[in-house]
Amino acid sequence: MTTTSKTAAVGPPASGRKPTRLRVHRAWFVAAVTFVTIIGAAAFRAVPGLFIDPLNAEFGWSRGTIGAAVSVNLALYGLTAPFAAALMDRYGIRRVVAVALTVIAAGSGATVWMTAAWQLMLCWGLLVGLGSGSMALAFAATVTNRWFTERRGLVSGILTAASASGQLIFLPLLSWIVDRHSWRPAAVTVALAALAVVPFVWLLLHDHPADIGQKPYGAKKFVPKPAPVPGAARRALTVLASAARTGPFWLLAGTFAICGASTNGLIQTHFVPASHDHGMPITTAASLLAVIGVFDVVGTVASGWFTDRFDARRLLAVYYALRGVSLLFLPLLLAPSVHPPMLLFIVFYGLDWVATVPPTLALCREHYGDDSPIVFGWVLASHQVGAAIVAFVGGLARDTFGSYDVVWLASGALCAAAALMALVIRKRPAVLTAS
């Protein structure tokens, strides 16, 4: 009797079926589908570092040229994210993500026929960049905000770790394909992986708890589904204009730009070719990146747990400081074979890779409330702009100096600056946060 009355109180009118007690809240199933979706789409993130040497060998394109295409991809990945968050408010998560996956598949598949550098810019830079940006971390942020009021730090950590899990799955496979069968079959594999996830999204991903008559996980009362918000682009720009008048936004954007520069732009794009410069086989270097993905999962989930319990600003400061120290040692560790100090770096860097995401998301929620997914989208844009700059500059530095050493050292110094910036972010009063 008690269970029945509570169920009726939190949802819309009964549909005639007898209410039943759910052992596991539906929010966790939605989070699971989101996790699988991000894993399937992570294949495109595993590719850029693997393609630099093969494209250079086949077409004679410089590393700077290839890095420029990667930088376009990374920049669009970020700049599309805030508009994607607004589009999800307007058209729903399911539609936006399904279209994004299809665009990724089209862009990756079309690279098979390219013969000129501008086609790489168009397919991998523009199409894959737009598609990936439309279901970037703003996707995870939107799902977390809609379906959870408790355990948000943990859930955001788990969903962020999905990308690393995808890297773990796809990097060894794609590096083997590139090594044995060249880069074209690897591009096709990315396209097929993105398409394979579309049915899961369309059939299993619900936009809002109210769609199935439930309240968000941890909520005290039923939350009606908000009406679609028209003018997605206008709203994204309006939220940006409002957030840009606050200091925390610029500090979060600055720290996250350095985060992107030192991860996606630097390690993910240039670690494999840099290791190959020192005589390490491509498959071995790619396997080390995959191991980073293993520990990235552990580190990000742990960071989500820490974010629910500790000051997010101090967590960010610790993460950036440790990352900067590890980068300063990397030039001394690169060698033809894998040795214990390099393994220590891989484990250390993996634990810290995207551990920054849960506390950054938490600070966005703390300062910007219901607009936080869009604000985080803009903060993510800065992350990818930082990544894009270093993806291009890293390739240019390699062409100019013959090594990546100066890039590793400069990135380590930037991480130290990010640690100081994180400590400067003011904590919002608890009364305002609760509202």
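This text follows the structure it describes.
Here, residues in each chain are numbered from 1, in the same order as that chain's written sequence. Local features in this predicted model are restricted to residues whose pLDDT is 70 or higher, and side-chain atom pairs enter the listing and the counts only when it is 80 or higher, whereas totals over whole chains, interfaces and linings include all residues. The side-chain quantities take in all heavy atoms of the structure and omit both hydrogens and water.

(A) Here's a closer look at the overall build of the chain. Strands are runs of DSSP state E lasting at least 2 residues, helices are runs of H or I lasting at least 4, and numbering of each runs from the N terminus. From N to C terminus, the chain includes 20 helices and zero strands. Each residue gets one of three labels from its accessible area relative to the maximum for its type: buried under 20%, exposed over 50%, partly exposed in between, using a 1.4 Å probe on protein chains only. Counting all 435 residues of the chain, 56% fall into the buried class. Every accessible area reported is derived by Shrake-Rupley at a probe size of 1.4 Å, with residue values counting cover from the shown protein chains alone. A total of about 17800 Å² of accessible surface is found on the chain, and carbon and sulfur atoms cover 68% of it.

(B) Main features of helix α13 (residues 264-277). Between its terminal C-alpha atoms α13 stretches 19 Å, which fits the 20 Å expected from 14 residues at 1.5 Å a residue. Fitting axes to the seven residues ending at a residue and to the seven starting there, one defines the bend at that residue as the angle between these axes. Of all bends in α13, the biggest is about 50°, found at Phe271, and the proline Pro273 comes one to four residues later. Across the 14 residues that make up α13, a large majority, 12, are buried. Phi for Gly279, located one or two positions after α13, is positive at around 95°. Multiplying 1.5 Å by the residue count of a helix minus one yields the expected span of that helix.

(C) Looking closely at the environment of Ala321. Mapped onto the elements, Ala321 comes out in helix α15 (residues 312-333). Ala321 sits 96 residues away from Ala417 along the chain, and the two C-alpha atoms are 8.5 Å apart. Other than its neighbours up to four places away in sequence, Ala321 contacts Cys415 and Ala419. When checking whether two residues touch, look at their non-hydrogen atoms; a contact exists if any pair is within 4.5 Å.

(D) Structural view of the packing of aromatic side chains. Note on aromatic pairs: the rings of Phe, Tyr and Trp (six-membered ring only in Trp) are paired at centre separations within 6.5 Å, and the planes decide the class, stacked below 30 degrees, edge-to-face beyond 60, tilted for the rest. All told, the structure shown has 11 aromatic pairs when counted by the stated rule. When the ring of Phe249 is compared with that of Trp250, the centres are 5.3 Å apart and the planes differ by 80°; the resulting orientation is edge-to-face. By relative accessible area, which is 4% here, Phe249 ends up buried. In this structure Trp250 comes out as exposed when scored by relative accessible area, which is 52%.

(E) Quick peek at the side chain of Thr144. Along the chain, Thr144 falls in helix α8 (residues 137-147). The class of Thr144 is buried, set by a relative accessible area of 0%. Residue contacts for Thr144: discarding those within four places in its chain leaves Arg152, Val155, Ser156, Leu159 and Arg365.

(F) Inspection of the nonpolar core at higher detail. We define the nonpolar core as a collection of buried residues of types Ala, Val, Leu, Ile, Met, Phe, Trp, Tyr and Cys that are connected through side-chain atoms lying within 4.5 Å of one another. Grouped together as the largest cluster of nonpolar side chains are 87 residues, with contacts concentrated most on Leu50, Phe51, Ile267, Phe271 and Met342. At nine residues, the largest contribution of residues to this core is made by helix α18 (residues 372-401). Either an automatic procedure or a domain database provided the assignment from which the domain bounds are taken. Looking at which domains feed residues into this core, each of domain 1 (26-212) and domain 2 (232-424) gives three or more. Residue contacts for Met342: discarding those within four places in its chain leaves Phe271, Leu288, Leu330, Leu333 and Leu334. Core analysis: the next-biggest nonpolar cluster, separate from the first, contains 30 residues, Leu101, Ala105, Val155 and Val198 among them.

(G) Molecular detail of α18. The end-to-end C-alpha separation of α18 is 42 Å, in line with the 44 Å expected for 30 residues at 1.5 Å each. Of all the 30 residues making up α18, 22 are buried; the element is thus mostly covered by neighbouring parts of the structure. Downstream of α18 by a residue or two, Gly402 has a phi angle that is positive, lying close to 80°.

(H) A look at the environment of Arg314. With respect to the helices and strands, the residue Arg314 is situated in helix α15. For the pair Arg314 and Ala422, spaced 108 residues apart in sequence, the C-alpha to C-alpha distance is 7.2 Å.

(I) Quick peek at the pattern of salt bridges. The salt bridge criterion pairs a side-chain nitrogen of Lys or Arg with a carboxyl oxygen of Asp or Glu, the two atoms within 4 Å. If you walk through the whole model with that rule in mind, you get five salt bridges. One salt bridge in this structure joins Arg184 and Glu58, with 2.8 Å as the shortest N-O distance. Of this pair, Arg184 sits in helix α10 (residues 183-204) while Glu58 sits in helix α4 (residues 48-59), placing them 126 residues apart in sequence. Here Glu58 falls in the partly exposed class, since its relative accessible area comes to 37%. The salt bridge partner of Asp311 is Arg314, with a shortest N-O separation of 4.0 Å. Given the relative accessible area of 58%, Arg314 is considered exposed. Three or more residues are tied together by salt bridges with common partners; here these are Asp311, Arg313 and Arg314.

(J) Unusual backbone geometry, seen in detail. Positive phi, close to 75°, is recorded for Ser182, a residue that is not glycine. Tracing the backbone through its elements, the reader meets Ser182 in the loop between α9 (152-181) and α10.

(K) Inspection of the packing of helix α5 (residues 63-91) against α13 at higher detail. For helices, the axis comes from a line fit to the C-alpha atoms of the stretch in contact; other axes are also lines fit to C-alpha atoms, and the angle between any two N-to-C directions lies between 0 and 180 degrees. α13 packs onto α5 with a crossing angle of 155° between their chain directions and a minimal axis gap of 11 Å. Of the possible angle classes, the one that applies to α5 and α13 is roughly antiparallel. You can see that α5 and α13 cross each other, and the crossing is right-handed. When α5 is examined against α13, the residues Arg63, Val70 and Leu74 are found in contact with a partner set consisting of Asn264, Gly265, Thr269 and Asp277. Following the grouping adopted for this structure description, the nonpolar residues are Ala, Val, Leu, Ile, Met, Phe, Trp, Tyr, Cys and Pro, the charged ones are Asp, Glu, Lys and Arg, and the polar ones are all others, Gly among them. Considered class by class, the residues forming the contact of α5 with α13 number two nonpolar, three polar and two charged. Here the word oblique covers every angle except those under 35 degrees (roughly parallel), over 145 (roughly antiparallel) and from 65 to 115 (roughly perpendicular). Note on convention: near helix rotated counterclockwise from far helix by under a right angle means a left-handed crossing. Clockwise means right-handed.

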